Amino acid sequence: MLKVENINMSYGDLQVLWDVSFEVKEGEIVVLVGANGAGKSSVLKTISGIQKISSGDITLNGESIANTEPSEIIKKGIVHVPEARRLFNEMTVEENLIMGSLHGEAKEKRYETMEKCFELFPRVKERRKQLAGTLSGGEQQMVAIARGLMSLPKILMLDEPSLGLAPVLVQDIFDIIKGIRHQGVTVLLVEQNVQTTLTFCDRAYVLENGRITLEGTGKELLNNDHVREAYLGI
Amino acid sequence: MEVFLQSLISGLLIGGLYAIIGIGMTLIMGVLKIINLAHGQILMVAMYVTWVLWKFFGIDPYLSIFITIPFIFVFAEGLSKYLLHPLIEKESILPENQVLMTVGIGMVLVELARSIFTSNYKSIHTSYTDKAWHVAGISLHVPLVIAFVIAIFLTIGLYFLLRKTDLGRSIRATAQDKVAATLMGISSAKITILTYGLGSALDAAAGSLLLPVYYLYPDVGPLFTVKAFVITILGGLGSTVGAIAGGLVLGVAETFGATYISSGYRDAVGLVIFLIVLVFFPGGLKRLTKV
Ligand SMILES: Nc1ncnc2c1ncn2[C@@H]1O[C@H](COP(=O)(O)OP(=O)(O)O)[C@@H](O)[C@H]1O
Ligand SMILES: [Mg+2]
């Protein structure tokens, strides 16, 4: 479905992605794991179009979407839920959700989709008139995911949704992600939380210093010596 | 007591106009993250347009807002698109460069106005210029009352635009987090350019509404840039409600200054308040309510 082929990307003179290739198939949960600074967020930024690649290609169902404007990417059904949530803090939760549905079909079905999000996140519904900036970290993450879902994505890209959350909440968030996949949304997840994500993803890639160094099913990587040593501390 | 009430009410009326000037400045500040030092000069252009429409076409200054608002909107969008935005795109250039650009735009506008219209004072005289309503011993200057009412309608209209439409929400979203807004599919370039137009359009409305009660000459531009700056500082930078409060406070303060000190000190009062606020209340009026 989504194919990233040999992409290179730099911030000014600083190259951070080197020949990165991976693939996400329809209905999968694929996770990109790696240490802080490995380039995980940068990969998502190139896909959502907020960073341009210097070479390589990104295709969606065979059609190149590399270096396309972010406003086009979201219309094509790929949404990027950024690291640290980045909600519109001075807007209500409901307005934040509305911001996820500015175009086309998503706009037409805005309130219908919102009801579905409220079913998925009852806490978000309770808080819908509150300013997003006043919510707890876990609630904010739920709003961020819901805001992504409001665009009716085919592919949901999540950048470290577990960041800064208490362990109980982390489990909740991952359960929700599984639920979202069951509703037919393909998920590309970026995480440092290696242990948990590898146990529930379909396939995973390891990113180190801007390069993909390992790939396999979650189970394979959990049993990989390098992964065990470098990421699981075993 | 009557003099006091009279000054207070006149001050509030003019403050209503200052409020929309301040809201325009605040909108631009919120989205572009710059202080628009051409704000008053754009208002001056609107005043000249209003004057020309009245002088050569006999169009009433209040009706002319239907022309000045769209005209200045398009004019300012052009400035933003071709002069300001190219600087924003370049990440290596400091944001100060855009502020300097607004200074440059302001100077050019003033000198253009001087070469076309000379430095002579201009004013217009309509049938209602000198009219006043008398209510309970207080006289209400008709043109100011009309201007105030129109300013209120514009403010309400803007409120609905910002709160209830996708365009308005996109403007607020871009002001709050540009990257997140971009990820929602909002073109921040489009919103940035449009916001400069919108903020300037409010300024334009204020210009047209001021002309019946204010002398016009090219240096009105810098004078109103300073006023706009004072209003937004008073309002605590970046809050539209603050800008309304700031506008009203400045209007009242100026009128009191003119009444109780000397009419020559009207504009100086604003500057004194400005200094007091900067030194004692660096957070603007918001700080007063919080403490
Ligand atoms: N906007 C930026 N400008 C310059 N360098 C950046 C920027 N964002 C990230 N980097 C650098 O790119 C590298 C990869 O960062 P990032 O993709 O955020 O990693 P991760 O998400 O895996 O922690 C890091 O060295 C980081 O310092
Ligand atoms: Mg990251």
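Up top you'll find the structure we're talking about.
The shown structure was predicted, so the numbers you read here are calculated from the model rather than taken from an experiment.

### Things to note about the overall build of chain A
Line of reasoning, step 1. Per the secondary structure count, chain A includes 11 helices and 10 strands.
Line of reasoning, step 2. At 17 Å, chain A has a C-alpha radius of gyration in line with the 17 Å of a compact globule built from 234 residues.
Line of reasoning, step 3. Its C-alpha atoms give chain A principal-axis dimensions of roughly 45 × 40 × 30 Å.
Line of reasoning, step 4. Counting over 234 residues, chain A shows a buried share of 55%.

### Digging into the site of ligand 1
All names here are of chain A.
Line of reasoning, step 1. Every residue near ligand 1 is listed here: Y11, L14, V16, A35, N36, G37, A38, G39, K40, S41, S42 and K45.
Line of reasoning, step 2. Y11 is positioned such that a nitrogen or oxygen atom in its side chain is 3.4 Å from a nitrogen atom of ligand 1.
Line of reasoning, step 3. Contributions of two or more residues to the shell around ligand 1 are made by β2 (14–24) and α1 (40–48).
Line of reasoning, step 4. A per-element tally of the shell around ligand 1 places α1 first, with 4 residues.
Line of reasoning, step 5. Looking at the shell around ligand 1 residue by residue, the classes come out as 5 nonpolar, 5 polar and 2 charged.

### Observations regarding empty space enclosed by the protein
Regions of empty space are outlined by a rolling probe, equal in size to a water molecule, passed over the atoms.
Line of reasoning, step 1. Counted under the stated rule, the structure contains 1 cavity of 30 Å³ or more.
Line of reasoning, step 2. Its volume calculated, the largest cavity comes out at about 40 Å³.
Line of reasoning, step 3. Lining the largest cavity, in full, are A:S48, A:P70, A:I73, A:I74, A:I78, A:V79, A:H80 and B:L183.
Line of reasoning, step 4. Residues of the lining of the largest cavity, tallied by class, amount to 6 nonpolar, 2 polar and no charged.

### Quick notes on the coordination of the magnesium ion (ligand 2)
Note on metal geometry: ideal angles are 109.5 degrees for four donors arranged tetrahedrally and 90 or 180 degrees for six donors arranged octahedrally.
Line of reasoning, step 1. Within the first shell, the magnesium ion (ligand 2) binds the protein through A:S41 (OG) and A:E83 (OE), at distances of 2.0 to 2.1 Å. Highlighted residues: A:S41 in helix α1 and A:E83 in the loop between β6 (78–81) and α3 (93–99), separated in sequence by 42 residues.

### With respect to the packing of aromatic side chains
In this description, a pair of aromatic rings is defined by centroid distance and the angle of the planes.
Line of reasoning, step 1. All told, the structure shown has 14 aromatic pairs over all chains when counted by the stated rule.
Line of reasoning, step 2. Centroid distance A:F22 to A:Y205: 5.5 Å. Interplanar angle 55 degrees. Geometry classified as tilted. In this pair, A:F22 sits in strand β2 while A:Y205 sits in strand β9 (residues 203–208), placing the two residues 183 residues apart along the sequence. For the pair A:F22 and A:Y205, one class covers both residues: buried.
Line of reasoning, step 3. Following the ring pairs from residue to residue traces out a cluster consisting of B:Y48, B:W51, B:F56 and B:F117.
Line of reasoning, step 4. The side chain of B:K122 reaches across the aromatic face of B:W51, ending 4.9 Å from its centre.
Line of reasoning, step 5. One residue, B:K227, lies across the ring of B:F224, its end atom 5.5 Å from the ring centre.

### Looking at the sheet that holds strand β4 (residues 55–60) of chain A
All names here are of chain A.
Line of reasoning, step 1. Judged by pairing direction, the sheet is antiparallel, and its 4 strands sit side by side in the order β2-β1-β4-β5 without closing on themselves. This sheet does not close on itself; its edge strands, each paired only once, are β2 and β5 (63–64).
Line of reasoning, step 2. Where β4 lies against β5, 2 bridges are found, and the strand directions are antiparallel. Residue pairing across strands places L60 opposite E63, the latter belonging to β5.

### Details of the pattern of salt bridges
Residue and element names in this part refer to chain A.
Line of reasoning, step 1. Counted under the stated rule, the structure contains 22 salt bridges over all chains.
Line of reasoning, step 2. The closest approach of N and O atoms between E28 and R203, which form a salt bridge, is 2.7 Å. Linking E28 in the loop between β2 and β3 (29–33) with R203 in strand β9, this pair joins segments that are 175 residues apart in sequence. Exposure class is identical for E28 and R203. Each is buried.
Line of reasoning, step 3. Between K76 and E63 there is a salt bridge, with its nearest N and O atoms 3.2 Å apart. On the criterion of sequence distance, the pair formed by K76 in the loop between α2 (70–75) and β6 and E63 in strand β5 is long-range, its members being 13 residues apart.
Line of reasoning, step 4. Look at K76 and you get partly exposed, because its relative accessible area is 25%.

### Focus on the sheet that holds strand β10 (residues 211–217) of chain A
Residue and element names in this part refer to chain A.
Line of reasoning, step 1. Strand order in this open sheet of 6 strands is β6-β7-β8-β3-β9-β10, and the pairing throughout is mixed. Taken across any chain shown, the strands that pair with only one partner, and hence form the sheet edges, are β6 and β10. Strand-to-strand, the axes of this sheet are offset by a mean angle of 15 degrees, without reference to chain direction.
Line of reasoning, step 2. Relative to strand β7 (residues 155–159), β6 is paired through 4 bridges, and the arrangement is parallel. Each bridged residue has a counterpart across the sheet, and for V81 the counterpart in β7 is L158.
Line of reasoning, step 3. Each of β6 and β7 touches helix α7 (residues 137–149); the most contacted strand, β6, lies at about 165 degrees to it.
Line of reasoning, step 4. Of the strands in this sheet, β3, β7 and β8 (186–191) touch helix α8 (residues 167–182), which is tilted by about 155 degrees from β8.

### Remarks on the interface of chain B and chain A
Reports often express the size of an interface as the amount of accessible area lost when the parts come together.
Line of reasoning, step 1. Taken together, the 16 residues of chain B in the interface contact 21 residues of chain A.
Line of reasoning, step 2. When the buried surface of chain B facing chain A is broken down by residue, B:D166, B:L183 and B:M184 rank first, second and third, together holding 39% of it.
Line of reasoning, step 3. The tally of links from chain B across to chain A stands at 4 salt bridges.
Line of reasoning, step 4. The interface formed by chain B and chain A includes 7 residue pairs in polar contact (both at pLDDT 80 or more).
Line of reasoning, step 5. At the level of elements, α6 (166–176) and α7 (178–183) of chain B are the ones that each hand at least two residues to the side of chain B that touches chain A.
Line of reasoning, step 6. The element that contributes the greatest number of residues to the side of chain B that touches chain A is α6(B), accounting for 6 residues.

### Observations concerning unusual backbone geometry
All names here are of chain A.
Line of reasoning, step 1. For R86, which is not a glycine, the phi torsion comes out positive at approximately 50 degrees.
Line of reasoning, step 2. Here R86 lies in the loop between β6 and α3.
Line of reasoning, step 3. Assessed through its relative accessible area of 33%, R86 is described here as partly exposed.
Line of reasoning, step 4. Even without being a glycine, L152 presents a positive backbone phi close to 50 degrees.
Line of reasoning, step 5. Along the polypeptide, L152 turns up in the loop between α7 and β7.
Line of reasoning, step 6. Under the relative-accessibility criterion, L152 is labelled partly exposed at 33%.

### With respect to helix α5 (residues 142–164) of chain B
Line of reasoning, step 1. Over its 23 residues, α5(B) extends 33 Å from the first C-alpha to the last, a length consistent with the 33 Å expected when each residue adds 1.5 Å.
Line of reasoning, step 2. Along α5(B), the residues that are buried comprise B:V142, B:P143, B:L144, B:V145, B:A147, B:I150, B:A151, B:L158 and B:L162.

Definitions and limits used
- Residues numbered from 1 in each chain as written.
- Chains lettered and ligands numbered in written order.
- Predicted model: local features only at pLDDT ≥ 70, side-chain atom pairs only at ≥ 80, totals over all residues.
- Heavy atoms only, no water.
- Helix = DSSP H or I, 4+ residues; strand = E, 2+ residues; numbered from the N terminus.
- Rg over C-alpha atoms; globule rule 2.2 N^0.38 Å.
- Buried < 20%, exposed > 50% of the residue type's maximum accessible area, 1.4 Å probe, protein only.
- Near = heavy atom within 4 Å.
- Polar contact = N/O pair within 3.5 Å; in protein donor to acceptor, adjacent residues only side chain to side chain.
- Nonpolar A, V, L, I, M, F, W, Y, C, P; charged D, E, K, R; others polar.
- 1 Å grid on protein atoms, 1.4 Å probe; cavity = no way out; pocket = protein on both sides within 12 Å on 5 of 7 lines; lining within 4 Å.
- Points joined across faces, edges and corners; volume = space filled by probe spheres on them.
- Donors = N, O, S within 2.8 Å, 3.2 Å for Na, K, Ca; no water.
- Phe/Tyr/Trp six-rings, centres within 6.5 Å; stacked < 30°, edge-to-face > 60°.
- Lys NZ or Arg CZ within 6 Å of the ring centre and 35° of its normal.
- Pairing = 2+ DSSP bridges.
- Salt bridge = Lys/Arg side-chain N within 4 Å of Asp/Glu carboxyl O.
- Axes fitted to C-alpha atoms, helices over the stretch in contact; angles between N-to-C directions.
- Contact = heavy atoms within 4.5 Å.
- Buried area = accessible area lost by both parts, 1.4 Å probe.
- Expected span 1.5 Å × (residues − 1).

In short, shape yes, function no, at least from these values alone.
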